[in-house]
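Listed here are the chains, written in short residue letters.
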Amino acid sequence: MIKYITKRLILLIPTLFGVVTIVFFMMSLAPGDPARLALGAHATPEAVEAMRHELGLDRPLHIQYLNYLKQVAVFDFGKSIKTGEPVLYELLSRFPATIELSVVSIIISTILGILAGIISATRQNSMIDFGAMFAALVGVSMPVFWLALILIMVFSVGLNLFPTGGRINIRLFMDPLTQFYLLDAIVYIFREGDFSYFLSALKHIILPAVALATIPLAVIARVTRSSMLEVVRQDYIRTARAKGLSERTVIYKHALRNALLPVITIIGIEFGYNLAGAVLTEEIFSWPGIGRWLYSAVTARDIPAVQGGVILIAVVFVLVNLAVDIFYAYINPKIRY
Amino acid sequence: MKGTGILLMTILVLICFTTPINAAQKTLVYGKSQAAIALDPGVVDEGGSSIVVSQIFDSLLAYEPGGTKVIPALAEKYEISADGKEITFFLRKGVKFHDGTDMDADAVVFSLARQQFKDHPYNQYGPWKYWDTSGFKDMFKKDGSLKKKGIIKDIVKTDDHTVKVLLNKADAAIMVNFTLYFTSIVSPTAVKKYGADFRKNPVGTGAFKFVKWVKDDHVLLKKNKAYWGEKAKVDNLVFKVFPDATARSMALIKGEVDIIEPPDADNLKELEKNPRVKIMSKEGLTMGYICMNVERKPFDNKLVRQAVNHAIDKNEIIQAVYGKLGSAATMPLPPSLWGFNKNIAPYTYDPGKAKELLAKAGHADGFEVDLFALPVSRPYNPNGKKVGEIMQAQLKKVGINAKIVTYDIGTYWDKVDAGEFDMCMTGWSGEPDPNDWLHRLFTAGYLNSARWKNDVYTDLVTRARSISNVAQRTGLYEKAQEIIHEEAPIVMLAYGVLTAPMRDNVEGHIIYPSSKLVLRHISLK
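Residues numbered from 1 in each chain as written. Chains lettered and ligands numbered in written order. Predicted model: local features only at pLDDT ≥ 70, side-chain atom pairs only at ≥ 80, totals over all residues. Heavy atoms only, no water.

(A) Local environment of helix 14 (residues 455-466) of chain B. All names here are of chain B. With 12 residues, helix 14 extends 17 Å from end C-alpha to end C-alpha; this agrees with the ideal 16 Å at 1.5 Å per step. For helix 14, every residue scored as buried is listed here: Tyr457, Leu460, Val461 and Ala464. Projected down its long axis, helix 14 shows its buried positions confined to an angular sector of 85 degrees, all on one face. The inward-facing, buried residues of helix 14 abut helix 13 (435-439) and helix 15 (470-487). Sitting at the head of helix 14, Asn454 places a side-chain oxygen 3.1 Å from the backbone nitrogen of Val456. (Helix = DSSP H or I, 4+ residues; strand = E, 2+ residues; numbered from the N terminus. Expected span 1.5 Å × (residues − 1). Buried < 20%, exposed > 50% of the residue type's maximum accessible area, 1.4 Å probe, protein only. Arc of directions from axis to C-beta. Contact = heavy atoms within 4.5 Å. Polar contact = N/O pair within 3.5 Å; in protein donor to acceptor, adjacent residues only side chain to side chain.)

If you want it as structure tokens, here you go:
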């Protein structure tokens, strides 16, 4: 196992090298002058020239590339053009918000998705099955920004159940310790016996998490269903039934355990997508995460920021996949590395 | 299973109906569209940060509340020498920064000199974008030789409460700069303490003190109880970011925020219907216009440019795109500003006249042009694409086929500045001095997007800049407007109207025409 993990970690290096290379050259192909954008629409040409020099944009592309590789090798992603702060600092200060949202959202989509998948599979071709699978199809196809606005209009403005955006009621003036607000709010419960921080943080995360959960939920439901259908046709399920086990035991103990293996892979991948793909959700729910930050970096052509952000997401994506694979091996005795 | 369900339901109900209240202190929450980037007033160049620093810092001068008249702020008064080359600021006594440092001549010299002089120990924490673009300091070529002499020669302390700004040449237009946030006075103690991190730990003399900044989320300020001027009427001020205009409007409807940066015209219409929301508005110092590239055919011909001016129906565009956010424009400076020439009859919408002029110019069969549509929303042009489509239809009526082109905003300005266009949309949000409009936008320089050059005009507006007598300057600017009206290098489109949507319990807000946001006037009922 340790040998396998080591091998996978070493394989990270060529993957990241590829990511860095692709990101670097794609950014240099995109139109627009970053120096110009950094200085604003009405900067003097002299100032733009000086800025280009400062950013090293007046040097040949291959030199810029080699310099960048050297920097990245020591975890120096440069400074953001827009803010003048180190890119790594900017990334790490926003990542907890995104991780928290992604985790809550993947929990929602996993629980509901697996439930929907099981119900559909055990009642194959019934109205419930058709209904659930149709809902899943709608879920996958729904534009997230539209769903997000509808959620706000119905549950926030209309029913007044949830706030429209943000991470916590600003008037509570919470002092976050870890930047994971739900955890921080739990600290407040123990320290001050005050539940209002936790409730506020929870209320704030529900709508964005639901919006972000729709696509993974739909995917997980469909994969669970097809995997379940495959498993229940296996001989060992027939044996289990022949032994006279209750249907419940057959489904939840024998069938589901085996059917979940492909689902776990999907959950890992969807979690990765959530980290990078929460741009619209974060934008509409005013969630100060990495997706929104990356989006504004792209529009501002803040090259160091975009490169650093994409590399970080790639690293996390690969690590999540690695974790899933290890977990997979752990729960599935058939696989041994 | 059943037990879990009930538990879940209970938790859900609890979550939904418990609203925490912290009513002991009055907190004003302002919903804005862009996150702050840096909070050092010298380095700020975008709205997300400037509206925050405007509450924390003061400049030497200010605008009268709701007006464009320059009034004293940290300087009690100022004098300009007879030759116009020496400005003396007499500082207010007894003012302290939020960290307790005295606001005196040393602090003023420090704040300005750090932006002016390359060898100043704190110059490295720039770039000082506005200081540079305002032409305050000398510009050098790559080889180190002098390219352009700056306006400011030196900044010197004469005693503890007097500072002199020495100029290389007389420049009446420089005074407005001392009302702007980039000339704010900063605490030298704090700059020395924080160095590069001063932009995250701002210390000024303003009505609000900095407390906390959660990036991309909010900035928290609290009332400065020792403020030298009109004190804030709320205890805390929060700037909360809502990037999506619809989400921002809904947050106002729900009362999560008290006042917001204006959203687009559609959302404004929705807000108007809400009984708990009121919307203030005032004409601002901003204008949107269309440039015709006079270096390209057929716009090198004055008659063609006049024809286009007659072919555009501004009112249709205002109604369809701007709504309450704009009013039809005539001259290239706002009518509320002194120097505006009221005697010039604007171009009327008259397609017949336009065709006549085109025929006279030898274009009876019309022609084809590219029309650059602004890709971003600006106070002077909320929707460039929509403006483009309406203009396209209007121009078609007189035989001009306009093709709408657009790029990302960076490329857009690159092409406009390089003159690679036939017609383009642009605009300006400027200062309450005609120089900032008539000189800055229509004399040699990269902001002269129409690339129009007229020696008589340039002479008039350059002379006006060197005189400090307002009546004399007005006369020169009025003449200049006659020329630009006749030559018609641009089509004036709209003057932007500033709006401020707020909850009905927000009182006392004042809109400044210069777009400066001052929140200390507000009280919550």
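Let us keep going from here.
(B) Here's a closer look at the environment of B:Tyr412. As for its placement among the helices and strands, B:Tyr412 is situated in helix 12 (residues 409-417). It is 40 Å that separates the C-alpha atoms of B:Tyr412 and B:Pro188, two residues lying 224 residues apart in sequence.

(C) Main features of the interface of chain B and chain A. Taken together, the contact between chain B and chain A spans 52 residues of the former and 56 residues of the latter. Interface of chain B and chain A: buried area, both sides summed, is about 4700 Å²; carbon and sulfur atoms make up 60% of it. On inspection of chain B and its partner chain A, the count reaches four salt bridges. As a salt-bridge pair, A:Arg94 and B:Asp216 come within 2.7 Å of each other at their nearest N and O atoms. Summed over the shared surface of chain B and chain A, the result is 11 residue pairs in polar contact (both at pLDDT 80 or more). Breaking the side of chain B that touches chain A down by element, the ones donating at least two residues are helix 1 (2-17), strand 1 (27-32), helix 4 (129-133), strand 10 (208-214), strand 11 (218-223), strand 12 (236-241), helix 6 (245-254) and helix 12 of chain B. (Buried area = accessible area lost by both parts, 1.4 Å probe. Salt bridge = Lys/Arg side-chain N within 4 Å of Asp/Glu carboxyl O.)

(D) View of the nonpolar core. Residues and elements named next belong to chain B. Ranked by size, the top nonpolar core spans 76 residues in total, and within it Leu60, Phe89, Leu91, Ile174, Phe178, Val219 and Phe239 carry the most contacts. Leave out the neighbours within four places in its chain, and Val219 touches Ala36, Leu39, Val52, Phe210, Lys212, Trp213, Leu237, Val238 and Phe239. Ile312, Ile317, Val369 and Phe372 belong to the second-largest nonpolar core, a separate cluster that totals 73 residues. (Core = buried A, V, L, I, M, F, W, Y, C linked by side-chain atoms within 4.5 Å.)

(E) Structural detail: the side chain of B:Gln116. Residue and element names in this part refer to chain B. With respect to the helices and strands, the residue Gln116 is situated in helix 3 (residues 105-116). Taking the relative accessible area as the measure of exposure, Gln116 reaches 7% and is therefore buried. A distance of 2.8 Å separates polar atoms of two side chains, one belonging to Gln116 and the other to Trp131.

(F) Main features of the pattern of salt bridges. Summed over all chains, the structure comprises 38 salt bridges over all chains. One salt bridge connects B:Asp258 with A:Arg171, and the closest N-O pair in it is separated by 3.1 Å. Here A:Arg171 lies in the loop between helix 7 (144-158) and helix 8 (181-192) and B:Asp258 lies in the loop between helix 6 and strand 13 (259-260), a pairing that spans two chains. Given the relative accessible area of 6%, B:Asp258 is considered buried. Where B:Glu230 meets B:Arg520, a salt bridge forms, and the shortest distance between an N and an O atom there is 3.9 Å.

(G) Layout of the sheet that holds strand 8 (residues 152-159) of chain B. Residue and element names in this part refer to chain B. One open sheet holds the four strands; their spatial order is 4-5-9-8, and the pairing between them is antiparallel. Both outer strands of the open sheet, strand 4 (75-80) and strand 8, are each paired with one neighbouring strand and no more. Each strand of the sheet is rotated relative to its neighbour by a mean of 20 degrees, with strand direction disregarded. As judged from the five bridges shared by strand 4 and strand 5 (residues 86-91), these two strands associate in the antiparallel manner. Across the sheet, the residue bridging to Ala75 is Leu91, located in strand 5. Relative to strand 8, helix 3 is tilted by about 165 degrees, and along the sheet it contacts strand 5, strand 8 and strand 9 (162-167). (Pairing = 2+ DSSP bridges. Axes fitted to C-alpha atoms, helices over the stretch in contact; angles between N-to-C directions.)

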